[in-house]
Amino acid sequence: MAQSGTDAQRDTWTSNRGFILAAIGSAVGLGNIWRFPGVAYESGGGAFLIPYLIALITAGIPILFLDYGIGHRFRGSAPLALRRLHRRAEGIGWFQTMLLFIISIYYAAVIAWSMSFFYFSFGTKWGSDTQNFFLNDYLHAADPGISSELVAGVAWPLALVWVLIIIVLATGISGGVEKVNVIGIPLLVLGFGALVIRALTLPGATDGLNALFTPDWGALTDLDVWIAAYSQIFFSMSIAFGIMIAYASFQRRKANMTSSGLVVGFANSSFEILAGIGVFSALGFLAHQQGVAVDQLEGLTGPILSFVTFPAVISQMPGSALFGALFFGSLVIAGFTSLVSLVVGVSVALQEKFGLSQRTAAVSVGVVCAAFSFGLFATTTGLVALDTVDMFANNVGVVTSAIVMCVTVVWLARRGELLRLHLNTVSTFKLGRWWIPLVGVFAPVFLTVMLVQKLRELIVDGYEGYPDWYIGVFGWGTVVLAVVVAAGLALTGWKGRDDPAFVAWPPLEGAKR
Ligand code: PHE
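Residues numbered from 1 in each chain as written. Predicted model: local features only at pLDDT ≥ 70, side-chain atom pairs only at ≥ 80, totals over all residues. Heavy atoms only, no water.

K.L.:
Sorry if this is basic, but what is going on with the pattern of salt bridges here?
P.N.:
Pairing between side chains of opposite charge can happen when the charged atoms of each approach one another. Taken as a whole, this structure holds six salt bridges when the rule is applied. Across the pair Arg420 and Glu417 runs a salt bridge whose closest N-O atoms are separated by 3.0 Å. Highlighted residues: Arg420 and Glu417, both in helix H17 (residues 416–426), separated by three residues, approximately one helical turn. The class of Glu417 is partly exposed, set by a relative accessible area of 27%. Across the pair Lys454 and Glu457 runs a salt bridge whose closest N-O atoms are separated by 3.3 Å. Of the two residues, Lys454 and Glu457 are both situated in helix H18 (residues 435–461); the distance of three residues between them amounts to about one turn of the helix. The exposure class assigned to Lys454 is buried, which follows from its relative accessible area of 16%. Owing to a relative accessible area of 30%, Glu457 belongs among the partly exposed residues under this scheme. Here the salt bridges share partners, and the residues they tie into one network are Arg83, Glu90 and Lys353. (Salt bridge = Lys/Arg side-chain N within 4 Å of Asp/Glu carboxyl O. Helix = DSSP H or I, 4+ residues; strand = E, 2+ residues; numbered from the N terminus. Buried < 20%, exposed > 50% of the residue type's maximum accessible area, 1.4 Å probe, protein only.)

Listed below in structure tokens is the structure:
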């Protein structure tokens, strides 16, 4: 097993299947289960599938290919690969790495909650007032602020999550990361598939599906709906975060990159639609039990969907423990495989920069992430902090990262054509010339419109009515921190081996233009 960041000993996936499963493991996460169904429902229902699929084809898949091209050709995590692409591009990689760090520390907390709720499913321990249970009994949730009061019920499972993450990372890419995904993903498909089938057979399921899929064509003229579609695609596919760069860098030289990318992209979206069907069938059932229409239900996305609304559904069901275990078990597995990818992104970047061994990098990154994760998200103010940081990291952070990366690669470094030829040389699905204007013009222009609109909204309206100082510290502060630390790291000298004789592979002869 490779122990250091040097090229000759670089750890690799044992097979293309391992790579595909790990990439799917990163993509399929909490976003698929708790975000997609609610976003689709609120943004035009069935009609949302149109902007969603357009976003997938015009930005999701093309930028996924860009990530793959950078990682596979320049063989490194985001900072190293981008630095090899252009001396001055290293900072973009560190900005992405910082986003990963920030997301990982709250994402882990949600997995911890899911573990607790998995346990609570046996005997539906949340009682009849599920909102009170989640917010008060379980989280001891306080108003926006800074608290040092640890919540034991969150802290214990959170400790378990981080210990497991450190073990997986320390055993390496082929040893730990690949195995977790090769076992986890099929298990997730089986478990979640069973849940969806059960949900479809519940009374009221069709009402739920009608509520989700009935198209509101008017939504298509609403810019916000398009923005929702593009941001969903970005978060969900884990693109422009540097993870796909790192994962592609562990591919062998002979690797069918673009075809694998298509499999990953479509598998992820299929899982989202499957989750939409499962979640809304269950919501239809809840509405049926309560004698109300689906549109009168509340709490249809995010933490409230998973930890307040779903427990209410589960309590109403015959055989509730099994259904609850399937739902929270799916959240744990889907979340864990994504968390592995988030932390791998950070750990490999530091390993390469400072010439650390895989194990040292894994353990130190794991410990530091765990410390922040506890301090910020295992306390009574964790839920509000999570909501704020999540919103800024995704709507401001990753969109900025994507714009800057696309513009730098295509216009400043002028490497678009090289990456296209590289991908075409190794892959069976060939990228036409259309790929460059998509990643170089269309995606950055559309993403800029989206970013400006979002910034304007945040500046004018604030967020969720949280106090200004709070949004300043946890919202804008998160983005500023990421930029400052990224700049600092980019300016620090490269300590690890960045082989001056690095030869990007493979030669481009025979590339189809
Ligand atoms: N794609 C994951 C999800 O849908 C989350 C994630 C985002 C993972 C960014 C890695 C990087 O939940």
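K.L.:
What's the story with the nonpolar core in this structure? I'm lost.
P.N.:
Nonpolar side chains in soluble globular proteins tend to end up buried together. Counting 183 residues, the largest nonpolar core has Tyr68, Ile70, Trp113 and Leu339 as its most contacted members. Ranked by the residues each element gives to this core, the list is headed by helix H5 (residues 90–121), at 21 residues. Among all residues touching Trp113, those that are not within four sequence positions of it are Phe134, Tyr138, Leu139, Val154, Pro303, Phe307, Leu383 and Leu386. (Core = buried A, V, L, I, M, F, W, Y, C linked by side-chain atoms within 4.5 Å. Contact = heavy atoms within 4.5 Å.)

K.L.:
How should unusual backbone geometry be read in this particular structure?
P.N.:
If a residue is not glycine, its phi is most likely negative; likewise, a peptide bond is most likely trans. Its identity is not glycine, yet Ser238 carries a phi of approximately 55 degrees, on the positive side. Summarising the element assignment, Ser238 is placed in the loop between helix H10 (223–237) and helix H11 (243–249). At Ala240, a position not held by glycine, the phi torsion is positive, near 65 degrees. Accessibility expressed as a relative area gives 0% for Ala240, which makes it buried.

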